[in-house]
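Structural characterization, general
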Amino acid sequence: MSSEITYDTSAEAEVMQGEARVEGDAMTAPQDALGCHSGSDMAEAAKLSGNAELLEKFAADYPTGPHDKPQSMCPAFGSLRVGLRMRRTATVLSGSACCVYGLTFVSHFYGARRSVGYVPFNSETLVTGKLFEDIRESVHELADPDKYDAIVVTNLCVPTASGVPLRLLPDEINGVRIVGIDVPGFGIPTHAEAKDVLAGAMLNYARKEIEAGPVPAPVGGKGDRPTVTLLGEMFPADPMMIGAMLAPMGLAAGPVVPAREWRELYSALDCGAVAAIHPFYTSAVREFQAAGRPVVGSAPVGLDGTANWLAGIGEAFGLSKDQVAASQNAFLPAIKAALAEKQIEGVINVSGYEGSELLVARLLIESGAQVPYVGTACAKTPWNTADAEWLESKGASVKFRASLEDDCAAMEAIKPNLAIGTTPVVQKGKELGIPSLYFTNLISARPLMGPAGAGSLQDVVTAAMGNKERMDTMRDFFEGVGHGDTAGVWEGAPNVREDFRALNLKKIEKQARAAKAQEMV
């Protein structure tokens, strides 16, 4: 994709800014005009307000790529979704009203059937510390042990930049746990990684509770087999399939983290090993490792992936080769048959921001597809290294921290038979006449693990690639509309002035020559 086109130097004009702080004055300049796309301005404000250590932690856990701004929905949606899916858990947001409106709208669009608390603020309450007092008062009013096990309070961009100290909230009120987190768009690159922020904070709290003394047992009681905790949100059938594959080895599938209720966190920590199905849960992995739990990367996806994953689980539990072979022999033939039954013919680009893009690409390749490009907005970690190496051995180019521009450039260069990606990638693909599928709703919403996953993608992918002729018809029908002079809504034909354009072009060329001459002086 090309960079922004400008016709004069107005975009380069220096903008005067006020002082961030007034020497000797308790008042600070309000930050409510800034947002997650303010990048370094917000980050610098957060450092000045005492959150330097927090940002350093974020930089270590979620290293940024070529871009330091969110290119998807607000990252805080990830942590908000995790909290809203938990039983007996209340959620309170502290941030700009427009941000809170957008987050609550999206959360209810995705099926949240509960209220989201909001503590409003203005410049005065923000800079005088009254906002923190309001937050503390709100959680005290909300802390009803008959209704809630925990209350999650989330600072968005502005309160984080202003240093609103959620760490000073009490750990519990009336027996209700208080979990305060900061999820600024200028510190958390993707909404997927924001899920890890809250999951890690909850695991940390639960681990300390376990260290302090007895905790409630699982609702259904504790099983007699060692368990494998599954890290990452999955299609509901996947944990059951993983449990079936673990059974021949004498193991069981444990809870899925992010959990659905608080006591599941205790069971998750009480496991024999952790399967990092989604590899970006850096904070959560740190808590499991602090509890002495080994972590196994990748996932039981496809033939090679399942065989290697089962071997890795066996090694983590110290099982014999015969025990691992029992599970492999029970499931690998079924996976091989499912892959062979419905082969995919065509070139497919895979991209997205969910964190499971590499797993989907593996499954597509083993289903017969050519996948020359795999882009993920998430970072490279020890838990997805094996997947990246496998994909590269099959000829795929793997791009971590891929930007929207990376994904679109790959699509324009390769011109695949199908593009799987985010909404703007799908939009761009359809404009080019390339059949496209939205990763989150059409790919993530399907089983991927074991025999069930081996046959889950072929039908939808093959059907989408069969729409090429329809895409060409739509592209031809809308040709010349929506771009350049024809963008926007017009009552009549656009008034194109080629003489103005020619004059402006000469001016730009003259400025370029002057700049070049200046460099030579």
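Preceding block: the structure.
**Here's the deal with the overall build of the chain**
Secondary structure summary: the chain contains 21 helices and 14 strands in total. A globule of 521 residues ought to have a C-alpha radius of gyration of about 24 Å, and the chain, at 26 Å, matches this closely. Along the first, second and third principal axes, the C-alpha set of the chain runs to 80 × 65 × 50 Å. Looking at the chain as a whole, 48% of its 521 residues are labelled buried.

**What about the sheet that holds strand 6 (residues 227–231)?**
Read from one edge to the other, the open sheet built from four strands follows the order 7-6-8-9, with strand pairing classed as parallel. Two strands bound the open sheet, and with one partner strand each, they are strand 7 (252–257) and strand 9 (295–296). Across two bridges, the pairing between strand 8 (residues 273–275) and strand 9 is parallel. Within strand 9, the position partnered with V274 by the bridge is V295. Against the sheet, helix 10 (residues 282–290) makes contact with strand 6, strand 7, strand 8 and strand 9, and its axis sits at roughly 160 degrees relative to strand 6, the strand it touches most.

**Quick notes on the nonpolar core**
For soluble globular proteins, the rule of thumb is that nonpolar side chains tend to be buried together. Counting 75 residues, the largest nonpolar core has I151 and W262 as the members making the most contacts within it. When residues of this core are assigned to their parent elements, the largest contribution, nine residues, is made by helix 7 (residues 191–212). Not counting chain neighbours up to four residues away, the residues in contact with W262 comprise M86, D149, A150, R177, V179, M202, Y205, A206 and E209. V360, A369, V374 and M465 belong to the second-largest nonpolar core, a separate cluster that totals 56 residues.

**Examining the packing of helix 8 (residues 237–246) against helix 11 (residues 302–317)**
With their axes 11 Å apart at the nearest point, helix 8 and helix 11 run at an angle of 65 degrees to one another. For the element pair helix 8 and helix 11, the recorded crossing hand is right-handed. Along its contact with helix 8, which presents I242, M245 and L246, the element helix 11 presents T306, W309, L310 and I313. For the contact of helix 8 with helix 11, a count of residues per class yields six nonpolar, one polar and no charged.

**Re the layout of surface pockets**
Looking at the largest pocket, its volume works out to about 900 Å³. Along the walls of the largest pocket sit 28 residues, with R167, G180, I181, A201 and N204 positioned nearest its centre. Among the elements of the structure, helix 1 (40–61), strand 5 (176–182), helix 7 and helix 10 are those that each provide at least two residues to the lining of the largest pocket. The leading source of residues in the lining of the largest pocket is helix 7, at seven residues. Along the lines of polarity and charge, the residues of the lining of the largest pocket split into 13 nonpolar, six polar and nine charged.

**Examining the sheet that holds strand 5**
If you trace the five strands from one edge of the open sheet to the other, you get 2-1-3-5-4, paired in mixed fashion. Each having just a single partner strand, strand 2 (117–118) and strand 4 (172–173) make up the two edges of the open sheet. Bridging between strand 3 (residues 150–155) and strand 5 involves six bridges; their strand directions are parallel. Along strand 5, the bridge assignment pairs N155 with D182.

**Looking at the side chain of R177**
Residue placement: R177 occurs in strand 5. A relative accessible area of 14% places R177 in the buried class. A distance of 3.0 Å separates a polar atom in the side chain of R177 from the backbone oxygen of D149. A polar side-chain atom of R177 sits 2.9 Å from a polar atom in the side chain of E209. Contact partners of R177, with chain neighbours within four places excluded, come to D149, A150, I151, D171, E172, Y205, E209, W262 and Y266.

**What about the pattern of salt bridges?**
Once their charged atoms are close, side chains differing in charge can pair, the charge on each being opposite to the other. Within the structure shown, the criterion is met by 22 salt bridges. Note that D149 and R88 form a salt bridge whose closest N and O atoms lie 3.0 Å from each other. Taken together, the positions of D149 in the loop between helix 5 (130–142) and strand 3 and R88 in the loop between helix 2 (76–84) and strand 1 (89–94) put the pair 61 residues apart, joining distant regions of the chain. In this structure R88 comes out as partly exposed when scored by relative accessible area, which is 34%. Here R401 makes a salt bridge to E193, at a shortest N to O gap of 2.7 Å. With R401 in the loop between strand 12 (397–400) and helix 15 (404–414) and E193 in helix 7, this pair connects stretches of sequence that are 208 residues apart. Of the two residues, R401 and E193, neither departs from the other in class, the shared state being buried. Through salt bridges that share partners, R81, R85, K195 and E233 make up one connected network.

**Some details on unusual backbone geometry**
P258 follows V257 through a cis peptide bond whose omega is 10 degrees. In this fold, P258 is placed in the loop between strand 7 and helix 9 (263–269). For R88, which is not a glycine, the phi torsion comes out positive at approximately 55 degrees. Unlike most non-glycine residues, K415 shows phi in positive territory, near 50 degrees. Looking at where K415 falls in the secondary structure, it is placed in the loop between helix 15 and strand 13 (418–421). Residue class for K415 comes out exposed when judged on its relative accessible area of 59%.

The rules behind each value
Residues numbered from 1 in each chain as written. Predicted model: local features only at pLDDT ≥ 70, side-chain atom pairs only at ≥ 80, totals over all residues. Heavy atoms only, no water. Helix = DSSP H or I, 4+ residues; strand = E, 2+ residues; numbered from the N terminus. Rg over C-alpha atoms; globule rule 2.2 N^0.38 Å. Buried < 20%, exposed > 50% of the residue type's maximum accessible area, 1.4 Å probe, protein only. Pairing = 2+ DSSP bridges. Contact = heavy atoms within 4.5 Å. Axes fitted to C-alpha atoms, helices over the stretch in contact; angles between N-to-C directions. Core = buried A, V, L, I, M, F, W, Y, C linked by side-chain atoms within 4.5 Å. Left-handed = near helix turned anticlockwise from the far one by under 90°. Nonpolar A, V, L, I, M, F, W, Y, C, P; charged D, E, K, R; others polar. 1 Å grid on protein atoms, 1.4 Å probe; cavity = no way out; pocket = protein on both sides within 12 Å on 5 of 7 lines; lining within 4 Å. Points joined across faces, edges and corners; volume = space filled by probe spheres on them. Polar contact = N/O pair within 3.5 Å; in protein donor to acceptor, adjacent residues only side chain to side chain. Salt bridge = Lys/Arg side-chain N within 4 Å of Asp/Glu carboxyl O.

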